[in-house]
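# Structure assessment
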There are 8 protein chains.
Amino acid sequence: MLDHILQQVQQGQLSIEEAKQRLAAFDDLGFAKVDYHRKKRQGFPEIVFGEGKTAEQIIAIVRSLQTSTEQLLCTRMSADKAQQVQQAIPELEYNETARLLYKKADLSEQEQLKGYVAVLAAGTSDLAVAEEAAITAEVLGSNVRRFYDVGVAGIHRLLHHAEEIQQAVVSVVVAGMEGALPSVVGGLVAHPVIAVPTSIGYGANFQGLSALLTMLNSCASGISVVNIDNGFGGGYNAALIHRLANKGVSEA
Amino acid sequence: MLDHILQQVQQGQLSIEEAKQRLAAFDDLGFAKVDYHRKKRQGFPEIVFGEGKTAEQIIAIVRSLQTSTEQLLCTRMSADKAQQVQQAIPELEYNETARLLYKKADLSEQEQLKGYVAVLAAGTSDLAVAEEAAITAEVLGSNVRRFYDVGVAGIHRLLHHAEEIQQAVVSVVVAGMEGALPSVVGGLVAHPVIAVPTSIGYGANFQGLSALLTMLNSCASGISVVNIDNGFGGGYNAALIHRLANKGVSEA
Amino acid sequence: MLDHILQQVQQGQLSIEEAKQRLAAFDDLGFAKVDYHRKKRQGFPEIVFGEGKTAEQIIAIVRSLQTSTEQLLCTRMSADKAQQVQQAIPELEYNETARLLYKKADLSEQEQLKGYVAVLAAGTSDLAVAEEAAITAEVLGSNVRRFYDVGVAGIHRLLHHAEEIQQAVVSVVVAGMEGALPSVVGGLVAHPVIAVPTSIGYGANFQGLSALLTMLNSCASGISVVNIDNGFGGGYNAALIHRLANKGVSEA
Amino acid sequence: MLDHILQQVQQGQLSIEEAKQRLAAFDDLGFAKVDYHRKKRQGFPEIVFGEGKTAEQIIAIVRSLQTSTEQLLCTRMSADKAQQVQQAIPELEYNETARLLYKKADLSEQEQLKGYVAVLAAGTSDLAVAEEAAITAEVLGSNVRRFYDVGVAGIHRLLHHAEEIQQAVVSVVVAGMEGALPSVVGGLVAHPVIAVPTSIGYGANFQGLSALLTMLNSCASGISVVNIDNGFGGGYNAALIHRLANKGVSEA
Amino acid sequence: MLDHILQQVQQGQLSIEEAKQRLAAFDDLGFAKVDYHRKKRQGFPEIVFGEGKTAEQIIAIVRSLQTSTEQLLCTRMSADKAQQVQQAIPELEYNETARLLYKKADLSEQEQLKGYVAVLAAGTSDLAVAEEAAITAEVLGSNVRRFYDVGVAGIHRLLHHAEEIQQAVVSVVVAGMEGALPSVVGGLVAHPVIAVPTSIGYGANFQGLSALLTMLNSCASGISVVNIDNGFGGGYNAALIHRLANKGVSEA
Amino acid sequence: MLDHILQQVQQGQLSIEEAKQRLAAFDDLGFAKVDYHRKKRQGFPEIVFGEGKTAEQIIAIVRSLQTSTEQLLCTRMSADKAQQVQQAIPELEYNETARLLYKKADLSEQEQLKGYVAVLAAGTSDLAVAEEAAITAEVLGSNVRRFYDVGVAGIHRLLHHAEEIQQAVVSVVVAGMEGALPSVVGGLVAHPVIAVPTSIGYGANFQGLSALLTMLNSCASGISVVNIDNGFGGGYNAALIHRLANKGVSEA
Amino acid sequence: MLDHILQQVQQGQLSIEEAKQRLAAFDDLGFAKVDYHRKKRQGFPEIVFGEGKTAEQIIAIVRSLQTSTEQLLCTRMSADKAQQVQQAIPELEYNETARLLYKKADLSEQEQLKGYVAVLAAGTSDLAVAEEAAITAEVLGSNVRRFYDVGVAGIHRLLHHAEEIQQAVVSVVVAGMEGALPSVVGGLVAHPVIAVPTSIGYGANFQGLSALLTMLNSCASGISVVNIDNGFGGGYNAALIHRLANKGVSEA
Amino acid sequence: MLDHILQQVQQGQLSIEEAKQRLAAFDDLGFAKVDYHRKKRQGFPEIVFGEGKTAEQIIAIVRSLQTSTEQLLCTRMSADKAQQVQQAIPELEYNETARLLYKKADLSEQEQLKGYVAVLAAGTSDLAVAEEAAITAEVLGSNVRRFYDVGVAGIHRLLHHAEEIQQAVVSVVVAGMEGALPSVVGGLVAHPVIAVPTSIGYGANFQGLSALLTMLNSCASGISVVNIDNGFGGGYNAALIHRLANKGVSEA
């Protein structure tokens with residue numbers, strides 16, 4: 001594109017003023033290219049963070065996004081706001097547990113990713129965050145297998161599913177209270193584990209700080225951590241890795 | 001004893017002034033009785049906290065204790081200070097890892113406690129605290145079985161010993177870093193678990209705070225927690241429960 | 001059981017496929033055995049954590065538990081939810097202070113545990129947590145004696161009951177604000193003390209952190225600590241030790 | 001003084017420029033008057049904070065103070081530095097435990113304060129801070145009675161001295177670890193209690209934070225708190241109140 | 001009293017059983033004597049902490065207290081609850097800002113304390129806590145002078161009142177946000193300063209932690225600190241010292 | 001394997017006792033299989049955490065590992081200890097900055113991974129942690145490109161390398177002080193970013209807490225975080241993802 | 001003024017008593033002079049902190065201020081309270097986003113400040129704080145250019161405006177979540193940057209602590225920080241510097 | 001410059017390839033221009049952060065800087081390292097208190113800035129940080145007046161200098177312990193105040209956190225804060241504002 005602008009200047013088809021304006025735009029495109037690049041290569045749509053935005057604002061943003069992408073994902077959506085947006089854009093689905101408003105892409109068989117993302121939740125109260133992770137990964141194109149209520153205080157529940165979890169491409173492990181599940185999973189599997197602490201618990205839990213510290217201090221290798229209650233982050237990272245594993249690496 | 005004093009007053013064998021003095025002493029004995037009571041019923045000696053005391057002070061205290069007890073336990077003893085004390089009182093043993101200076105009682109077969117205390121340590125770096133717990137329990141009369149390096153990141157190492165741990169009377173579980181081991185053990189056993197967080201770790205471990213919070217927030221039942229690096233506390237509580245289980249309850 | 005399966009295989013009564021399926025189940029039973037074991041030996045029922053579950057879910061769980069146990073305990077139950085469950089299962093009692101829904105077992109005289117658990121509360125505002133501890137221990141089969149409003153700022157109130165507390169098998173000591181009561185009790189008694197910090201207080205109490213740190217740092221021996229406001233944990237640990245002291249230890 | 005300056009101006013004995021200069025000085029004296037006032041009314045000397053000052057600086061300050069006061073107090077003095085200062089000013093005494101360098105005033109019988117300050121310390125390791133408090137109060141003119149090693153884990157040790165403590169004018173209560181002593185003392189006495197947390201302890205003590213929070217949250221009335229390890233502050237406040245109680249209040 | 005019991009035993013007027021019962025009661029009285037002592041010597045009534053008590057409970061307690069004391073003070077009283085109590089006991093006054101329900105004693109001129117307590121507040125938003133301190137001191141018999149809105153960001157407002165503050169017997173200094181006022185006051189006056197941090201502020205104030213730390217770290221001597229928002233504690237300590245300064249010290 | 005054991009039982013070739021023993025062993029192998037699995041599929045050797053182990057212990061462990069793997073990695077090795085180990089096992093290399101002792105595998109061209117891992121460091125003082133990440137990834141088989149001193153306070157230094165960073169398979173971003181670099185990188189690239197906070201900084205950095213919180217709160221998607229100063233964790237996670245991207249996903 | 005008083009005394013036009021009274025007043029004026037000085041030199045009006053004041057109080061204060069200043073600014077005003085004040089003083093404008101009630105001065109062209117203040121906000125949810133900063137600066141006489149939604153996760157959005165931001169006199173940079181924007185801006189510009197952390201975010205954001213620490217630890221020079229969510233502080237500081245840059249320095 | 005490149009392309013004087021290369025360079029220059037710009041307009045040299053760099057590295061950097069600037073500033077320099085650098089570059093001065101190695105520019109009278117920066121320190125122990133601020137500002141061209149030992153506990157010391165402080169262009173206020181000085185200064189002056197908390201203090205000071213929070217929460221307007229012990233930051237910000245006030249604003 002830069003070549004093209006310079007050629008036009010060279011050939012007198014573009015005035016210097018126009019060239020400067022275009023180069024500025026190019027500069028912008030240069031960085032916007034990143035996003036374009038991302039979508040091109042990975043098919044990841046822009047995500048709408050719903051909190052603190054009005055239904056009207058979200059409708060406008062979603063309509064603008066619809067011009068270039070099929071998949072849509074709005075996070076942290078209250079039921080009320082979601083309903084308002086759905087009235088305007090009825091093709092969107094809403095999941096109240098996960099507080100997500102979304103539209104999955106209609107992938108051809110060829111576009112389907114191989115393998116699956118494992119989403120684990122330690123307790124039933126970690127479900128909302130786990131579902132946010134699971135649906136996020138699904139909207140971004142991943143198949144997800146859910147393993148819920150497999151907390152470490154009843155280790156046999158986890159071990160029962162050990163093999164199926166081991167065969168996943170990547171795991172998202174959601175846990176509140178003492179947050180010990182990722183350590184145990186990290187020791188069982190040979191793939192990357194994204195740990196998501198939740199604010200579930202009471203007393204010295206300190207709104208998820210306990211689980212967060214546990215996960216950061218895990219003595220198992222291959223674990224990395226996202227913010228407290230950030231199910232979206234867990235699902236996004238997992239889908240990114242899942243896609244990467246499918247796409248492979250071309251010689252750089 | 002109160003009866004006796006009053007009878008003597010009644011019978012004119014004790015002046016009112018003398019009676020008052022004795023009642024004051026009795027009052028004191030009343031509370032000192034607590035310690036006597038403890039030793040009588042449980043055979044637990046007074047413990048010497050070694051930190052911040054000179055070798056001379058410790059020698060004096062130990063000599064005084066030797067008049068009434070066979071078992072001896074000094075905690076937080078540096079090698080230097082221990083050696084000085086040992087020169088004066090050669091019957092004491094020293095364990096440098098646990099920083100304990102002690103003398104176990106010579107129990108007759110009849111006095112031996114049935115069953116054993118399980119002491120578990122997650123990693124090799126938790127050893128010092130685990131040994132402090134184990135030797136403390138031994139000095140207080142318990143048999144101890146050690147299960148070291150059974151951290152949750154390699155869960156099969158723990159499960160390998162599951163049955164032997166389950167058959168203990170009480171467990172002390174020592175863990176640093178993420179401190180998840182007590183939760184897993186708590187889910188496997190049906191006896192009380194004393195959890196001891198250690199300051200082992202780095203970064204967001206915050207000198208053991210991470211492990212402490214993990215253990216306090218454990219979703220397994222039957223777990224209680226002592227202070228960071230307090231191996232002595234873990235061993236003491238375990239020995240107390242072990243003794244209680246042997247001694248049984250007489251109708252109150 | 002493993003013997004039985006293998007014998008059937010040996011005798012051709014079981015195909016290899018069926019044996020594998022049973023062994024998997026056995027594997028599961030292997031770990032589930034823990035719970036079975038626990039109930040068998042200690043008569044402790046499964047506990048239902050009520051928070052975050054609907055009345056319907058709780059009714060279903062309780063009905064399932066009723067097939068195998070007489071005692072029932074649901075914690076963190078709001079009055080509303082408890083009432084809904086009681087309409088379906090009228091044999092359950094509800095204590096609003098302790099937020100517990102429960103059914104005590106009908107123990108024969110022989111099954112009655114000897115001795116009692118002492119539950120102490122420092123102030124009247126610690127009552128809810130203390131009652132959660134006391135009723136939990138009662139549902140699990142313990143006799144409980146309550147000593148309320150015995151905070152350290154009026155030490156004579158505590159000393160008045162010193163002897164009766166000393167004769168308990170185990171104490172649960174509940175305190176908010178400065179949380180000093182367990183230290184004083186720990187110095188008076190010769191049995192294990194379970195300390196329960198509460199979030200009662202204001203200002204630099206920081207939601208119970210003050211009382212929690214006090215208890216962890218106690219200079220008295222024989223104290224272990226559970227999470228802030230975790231009355232259930234206090235009662236559960238006490239009942240566990242109480243049962244153990246009654247049951248005794250058979251040679252391992 | 002202001003009157004005098006204005007009169008001199010009125011009478012032409014002072015030029016306006018000179019008057020302005022004097023008024024500025026007066027202004028300064030006005031605020032310096034505060035210190036003068038203090039010494040006049042309470043006989044309290046300026047205190048020298050020794051940490052971060054060289055021996056030479058301290059010698060210079062002390063010599064300057066000696067022109068106007070007999071009593072002298074330098075806090076946080078290492079043994080080395082103290083020795084250097086003593087070589088120059090041999091009338092100073094040094095207490096290594098308390099790290100204080102001082103000279104008590106030679107009070108006539110009439111100047112002696114009636115009553116005494118009670119200084120309590122929970123454990124032997126709190127001694128350094130307690131001695132800093134006790135000697136500070138003594139240098140400032142108070143009689144001090146020491147009650148050491150009266151921690152709450154052996155409550156009878158404290159109760160043994162209850163009456164003598166109750167008869168003090170004011171108490172300074174020094175405690176580390178869980179810091180529970182001031183609460184118990186506050187409930188026993190009817191006079192003001194100055195609580196001094198120490199950094200003694202380990203693990204979740206967090207350098208005295210535990211004891212500090214305990215004391216701030218005390219449920220006993222009549223307790224106020226100074227900074228961690230601030231023995232000087234404890235002794236200073238106690239001496240201030242002791243002096244006030246002797247001096248009485250003249251109608252304002 | 002002890003003498004009397006023993007004499008009766010000696011003279012056969014009291015059986016040993018009865019003597020034992022009375023001695024137990026005496027023991028209790030012994031500690032209850034503290035409270036009696038306090039009231040006798042200082043005229044301080046029992047304080048009712050209103051939070052977490054029902055109107056009915058408070059009415060019962062107040063009525064019981066009225067049998068032995070004229071002064072009454074209930075803290076942390078909501079307007080609703082106060083009104084309910086006032087309907088039953090109309091002689092009580094209520095101050096909504098301070099959330100106090102109280103009755104001041106009707107002191108004869110002779111009983112009036114000389115001198116006054118200065119209560120300072122840094123900002124208008126610290127008023128509620130300052131009034132809690134001021135009225136508490138008044139109910140306990142002190143005259144109070146209020147100096148409000150004298151925060152350090154406009155130092156001349158404080159200096160304007162410097163002399164009147166200096167002439168107080170004791171000061172209570174209430175401040176939120178940065179909490180710097182006690183340091184400045186501590187440097188101006190020669191009497192004890194009770195510092196009360198408030199939770200007023202926003203952002204990095206952390207519910208009063210900022211002001212609390214400031215006050216604990218004050219480089220001025222003669223300052224001690226109570227809990228965040230604890231206006232009652234500030235007023236109580238001030239009144240205690242004020243009374244002490246009036247009462248004086250009799251030779252111990 | 002299970003099939004085989006059962007067949008042997010069925011065919012009478014194995015006694016029930018022998019079968020039980022083998023099944024136990026199988027159980028163990030079942031979990032040990034995990035590690036075998038990992039090495040098989042990913043070629044990742046066991047890592048030796050050097051801190052708290054003696055040179056002798058490390059030599060023994062390394063020699064044992066050498067029987068089954070070519071690659072070797074010991075972390076947190078002091079120069080002294082490394083030298084001792086190197087004397088016994090001279091084929092090991094040591095990097096003092098990264099405190100790593102290691103041996104890279106000799107990969108055939110075919111085994112070489114395509115693409116590269118980008119390791120970024122914000123400042124020169126973050127180098128030690130960055131090198132730990134980079135060499136870890138290299139030992140695990142990744143090609144690494146280093147981009148050091150590209151902190152956000154001079155954003156053009158980062159942008160200069162934007163394209164080369166964008167073409168990496170995965171990035172490890174190391175930053176201390178304010179820790180803002182991962183957010184900026186996360187916005188520029190379309191691949192996973194592993195963020196590593198360092199403890200570099202002073203004042204309100206609080207030993208890396210500042211950088212850690214920054215990274216957890218990043219508003220860029222695709223970022224996950226490891227513990228403070230955990231360069232090893234950063235490199236391990238990156239190598240895991242890099243390997244996964246090369247290996248691809250076979251239909252599960 | 002002091003000269004004048006003294007001259008009058010010298011000339012017998014003022015009695016000593018009157019002179020003393022005036023000097024006291026002068027003293028007061030001396031400090032009040034500060035405020036006068038400020039307004040005179042900088043035209044900055046008194047600011048009304050609206051929180052915790054009633055509409056009536058605010059009306060009274062504003063009316064009093066109107067006698068001496070044209071500009072008016074009330075911060076932290078709820079919509080309700082603002083409306084009540086506007087009914088009484090209709091010339092005031094209200095901005096609900098910024099929660100400010102204000103009246104800008106009507107500046108002549110000559111009074112207009114040259115140059116502008118740049119106000120940047122990282123995300124749309126930081127808008128309220130950014131608007132508080134921007135309008136504050138405007139009321140205090142500055143021209144403001146707003147650059148919103150220029151967070152570092154999409155660095156090109158910021159770079160697009162780099163030149164216009166560089167040409168500002170001073171920048172206010174508002175950011176929540178990871179708070180990295182000031183570091184990047186600090187590296188791009190050569191003028192002072194006032195950083196304002198916001199409490200926007202979730203999880204380990206801890207009510208703005210994360211952003212606050214990031215900004216304090218910034219490795220860019222020329223950045224100083226105000227309290228969390230303190231948009232007013234940001235705008236005030238910026239306006240102060242802007243005014244100073246226009247006014248210049250006269251030889252001191 | 002862009003114009004020039006495009007003109008050359010238009011006129012065939014530059015091939016497209018060469019133009020592209022130059023545009024890339026221009027892009028780079030574009031951002032490097034920032035630094036150039038800064039030096040040009042403000043004469044501020046690059047600062048060398050000395051910590052963690054060897055003497056050799058610093059010598060190399062300083063020599064490189066000497067080619068383009070006369071002023072030099074290396075911060076956080078130990079005495080040893082400074083001496084090594086001085087042997088190589090003898091024109092550098094070293095201040096051990098401030099740990100700065102520097103060379104001030106030789107400014108012509110015309111280049112001299114008008115007015116002065118006031119640097120205040122609360123206590124003598126804050127001197128090191130204050131000197132770091134003062135010398136930093138001097139190296140960057142400001143005249144500095146020092147006001148040391150003017151802490152708020154003796155407010156008259158500060159007020160004595162009030163007028164001279166008020167006439168400064170900008171103040172840097174350094175304080176540890178309770179950190180109250182900036183609030184008082186902020187209320188006295190009408191110019192910007194840069195507050196620098198120090199880690200001086202003990203106990204609940206928490207390494208400067210106390211002073212930091214105090215300053216962030218200041219109720220005085222016109223205060224902004226830098227990191228704990230960041231004297232350099234204080235001096236840099238002050239010099240930036242001082243320069244700006246001298247330079248003035250040209251119409252943007």
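Everything numeric here is computed off the predicted structure, so don't read it as measured data.

### Side note on the overall build of chain A
- Across its full length, chain A carries 10 helices and 9 strands.
- Classification of the 252 residues of chain A by burial places 59% in the buried group.
- Expressed as a percentage of contacts within chain A between residues at least 6 apart in sequence, the contacts between residues at least 24 apart total 68%.

### Points about the interface of chain B and chain D
- Opposite the 12 residues of chain B that make contact, chain D presents 8 residues.
- Here chain B and chain D share an interface that buries about 920 Å² over both sides, 64% of which is from carbon and sulfur atoms.
- In this assembly, chain B and chain D are joined by 0 salt bridges.
- Our count for the contact surface shared by chain B and chain D stands at 1 residue pair in polar contact (both at pLDDT 80 or more).
- For the side of chain B that touches chain D, the elements supplying multiple residues, two or more each, are α2 (16-42) and α9 (209-216) of chain B.
- With 4 residues, the top contributor of residues to the side of chain B that touches chain D is α2(B).

### Examining the side chain of Glu132(B)
All names here are of chain B.
- With respect to the helices and strands, Glu-132 occurs in helix α5 (residues 127-139).
- Among buried charged residues, Glu-132 stands out as having no salt bridge; its nearest opposite-charge side chain is Arg-76, 4.1 Å away.
- Contact partners of Glu-132, with chain neighbours within four places excluded, come to Thr-75, Arg-76, Ala-98, Leu-100, Asp-229, Asn-230, Gly-231 and Phe-232.

### Some words on the pattern of salt bridges
Residue and element names in this part refer to chain G.
- With the rule as written, the count across this model stands at 48 salt bridges over all chains.
- Its salt-bridge partner being Glu-131, residue Arg-146 comes within 2.6 Å of it at the nearest N-O pair. In this pair, Arg-146 sits in strand β6 (residues 144-148) while Glu-131 sits in helix α5 (residues 127-139), placing the two residues 15 residues apart along the sequence.
- You can call Arg-146 partly exposed: its relative accessible area is 33%.

### With respect to the interface of chain B and chain C
- With 40 residues of chain B at the interface, the matching set in chain C holds 40 residues.
- The junction of chain B with chain C conceals about 3700 Å² of combined surface from both sides, 62% of it contributed by carbon and sulfur atoms.
- Between the two partners, chain B and chain C, sit 0 salt bridges.
- Viewed at the interface, chain C and chain B are joined by 8 residue pairs in polar contact (both at pLDDT 80 or more).
- Mapped onto the side of chain B that touches chain C, the elements with two or more residues apiece are α2, α8 (181-188), α9, β9 (223-225) and α10 (231-247) of chain B.
- Counting residues per element, the side of chain B that touches chain C draws most heavily on α10(B), at 8 residues.
- Of the residues assigned to the side of chain B that touches chain C, the class counts are 22 nonpolar, 14 polar and 4 charged.

### Remarks on the packing of helix α5 (residues 127-139) of chain F against helix α10 (residues 231-247) of chain F
Residue and element names in this part refer to chain F.
- Interaxial distance between α5 and α10 falls to 7 Å at its minimum, and their mutual angle equals 35°. Helix-helix and strand crossings are classified by hand; for α5 and α10 the assignment is right-handed. Every residue of α10 that contacts α5 at Val-129, Glu-132, Ala-133, Thr-136 and Ala-137 is listed here: Gly-231, Phe-232, Gly-235, Tyr-236 and Ala-239.
- Split into classes, the residues belonging to the contact of α5 with α10 amount to 6 nonpolar, 3 polar and 1 charged.

### Observations concerning the packing of helix α9 (residues 209-216) of chain A against α9(B)
- Interaxial distance between α9(A) and α9(B) falls to 8 Å at its minimum, and their mutual angle equals 125°. Overall, the two elements α9(A) and α9(B) adopt an arrangement that is oblique. Considering only the axes of α9(A) and α9(B), their crossing is left-handed. Between α9(A), through Ser210(A), Leu213(A) and Thr214(A), and α9(B), the contact on the second element is made entirely by Ser210(B), Leu213(B) and Thr214(B).

### Thoughts on the relation of the copies chain B and chain C
- In screw terms, the move from chain B to chain C is a rotation of 179° and a rise of 0.1 Å along the axis, fitting with an RMSD of 0.6 Å. Each copy turns onto its partner about a two-fold axis.
- Take the interface residues of chain B: 100% of them recur as interface residues in chain C, which is what a same-surface contact looks like.

### A closer look at the side chain of Asp126(A)
Residues and elements named next belong to chain A.
- Structurally, Asp-126 can be placed in the loop between β5 (117-121) and α5 (127-139).
- As a buried residue without a salt bridge, Asp-126 has its nearest oppositely charged side chain in Arg-157, at a separation of 9.5 Å.
- Within polar-contact distance, the side chain of Asp-126 engages the backbone nitrogen of Gly-176 at 3.3 Å.
- Among the polar contacts made by the side chain of Asp-126, one reaches the side chain of Thr-198 at a distance of 2.8 Å.

### Observations concerning the relation of the copies chain B and chain D
- Superposing chain B onto chain D requires a rotation of 90° together with a translation of 0.1 Å along the rotation axis, leaving an RMSD of 0.4 Å. Between the two chains, the operation in question is that of a four-fold axis. The C-alpha atom lying nearest the rotation axis in chain B is that of Phe206(B); the distance is 7.3 Å.

### Topic: the packing of aromatic side chains
- Tallied over the full model, the rule gives 8 aromatic pairs over all chains.
- Look at Phe232(A) and Tyr236(A): their rings are 5.6 Å apart centre to centre, the planes differ by 55°, and that puts the pair in the tilted class. Placement of the pair is Phe232(A) and Tyr236(A) together in helix α10 (residues 231-247), with a separation of 4 residues, close to one helical turn. Taken as a pair, Phe232(A) and Tyr236(A) share a single burial class, namely buried.
- For Arg145(D), the ring lying beneath its charged end belongs to Tyr116(D), and the centroid distance is 3.8 Å.

### So, the confidence of the model for chain A
All names here are of chain A.
- Summary statistics for chain A give a mean pLDDT of 85 and a share of 88% for residues scoring 70 or more.
- Here residues 24-42 is a poorly scored stretch, pLDDT under 50, and it has 32 contacts once near neighbours within four places are set aside; other chains count.
- Both confidence scores are given for the complex: pTM 0.84, ipTM 0.84.

### Some points on the UniProt feature "domain: PurE" (unreviewed entry) in chain A
- UniProt tags residues 115-247 of chain A as "domain: PurE" (unreviewed entry).
- Segment residues 115-247 of chain A splits into 42% helix and 18% strand. End C-alpha atoms: 12 Å apart.

### With respect to the environment of Met215(C)
All names here are of chain C.
- With respect to the helices and strands, the residue Met-215 is situated in helix α9 (residues 209-216).
- On a C-alpha basis, the gap between Met-215 and Leu-107 in space is 35 Å, while along the polypeptide they are 108 residues apart.
- Excluding anything up to four places from it in sequence, Met-215 contacts Ala-175, Gly-179, Pro-182, Ala-195, Val-196, Pro-197, Ile-223 and Val-225.

### Some thoughts on the state of the cysteines
- Scanning all chains against the criterion turns up 0 disulfides over all chains.
- Cys219(H) carries a free sulfur, and the closest cysteine sulfur to it, the one in Cys219(E), is 17 Å from it.
- Judged by its relative accessible area of 36%, Cys219(H) is partly exposed.

### Structural notes on the domain arrangement of chain A
Residues and elements named next belong to chain A.
- Structurally, chain A comprises domain 1 (2-103) and domain 2 (117-251).
- For the pair domain 1 and domain 2, the two sides together bury roughly 1500 Å², of which 67% comes from carbon and sulfur.
- Viewed at the interface, domain 2 and domain 1 are joined by 0 salt bridges.
- Between the two partners, domain 1 and domain 2, sit 2 residue pairs in polar contact (both at pLDDT 80 or more).
- For the side of domain 1 that touches domain 2, the secondary-structure elements that each account for two or more residues are α2 (16-42), β2 (72-75) and β4 (100-103).
- For the side of domain 1 that touches domain 2, the residue count by class is 8 nonpolar, 6 polar and 4 charged.

### Details of the environment of Phe44(C)
- The topology assignment puts Phe44(C) in the loop between α2 (16-42) and β1 (47-49).
- Counting along the chain gives 97 residues from Phe44(C) to Gly141(C), while the straight-line C-alpha distance between them is 8.6 Å.

Conventions used here
Per chain, residues are indexed from 1 in the order of the written sequence. Chain letters and ligand numbers both follow the written order, the letters beginning at A and the numbers at 1. Only residues with pLDDT of at least 70 are given local features in this predicted model, and only at 80 or more are side-chain atom pairs given and counted; all residues enter the totals for whole chains, interfaces and linings. To get the side-chain values, take all heavy atoms of the structure and skip hydrogens and water. A run of H or I in DSSP counts as a helix once it spans at least four residues, and a run of E counts as a strand once it spans at least two, with each numbered from the N terminus. When accessible area is computed with a 1.4 Å probe and restricted to protein chains, residues below 20% of their type maximum are described as buried, those above 50% as exposed, and intermediate ones as partly exposed. Any pair of residues with heavy atoms lying within 4.5 Å of one another is described as a contacting pair. By buried area we mean the combined loss of accessible area, with a 1.4 Å probe, across both parts when two parts are placed together. We count a salt bridge whenever a side-chain nitrogen from Lys or Arg sits within 4 Å of a carboxyl oxygen from Asp or Glu. Whenever two N or O atoms come within 3.5 Å, that pair is a polar contact, provided that in protein one can donate a hydrogen and the other can accept it, and provided that, for residues adjacent in sequence, both atoms are side-chain atoms. Positive charge is attributed to Lys and Arg, negative charge to Asp and Glu, and no charge count is given to His or to the chain ends. All amino acids are sorted into three groups, where Ala, Val, Leu, Ile, Met, Phe, Trp, Tyr, Cys and Pro are nonpolar, Asp, Glu, Lys and Arg are charged, and the leftover types, Gly among them, are polar. Axes here mean lines fitted to C-alpha atoms, for a helix over just the part in contact, with angles spanning 0 to 180 degrees between N-to-C directions. In a left-handed crossing the near helix is turned counterclockwise from the far helix by less than a right angle, and in a right-handed crossing that turn is clockwise. Any angle that falls under 35 degrees is termed roughly parallel, while one over 145 is termed roughly antiparallel, one within 65 to 115 roughly perpendicular, and all others oblique. Overlaid copies result from least-squares superposition on C-alpha atoms, with residues included only where pLDDT is at least 70 in both. Classification of ring pairs rests on two measures: the distance between centres of Phe, Tyr or Trp rings, Trp counted by its six-membered ring, which must be within 6.5 Å, and the angle between planes, read as stacked under 30 degrees, edge-to-face over 60 and tilted in between. Both a distance and an angle decide whether a charge sits over a ring: NZ of Lys or CZ of Arg must be within 6 Å of the ring centre and within 35 degrees of the ring normal. Along the chain, pLDDT gives the predictor's confidence residue by residue, from 0 to 100. UniProt positions are given in the numbering used here, feature names are shortened, and annotations may be inferred rather than shown by experiment. Pairs of cysteine sulfur atoms within 2.5 Å are identified as disulfides in what follows. Per the annotation, domain bounds derive from an automatic or database assignment of domains.

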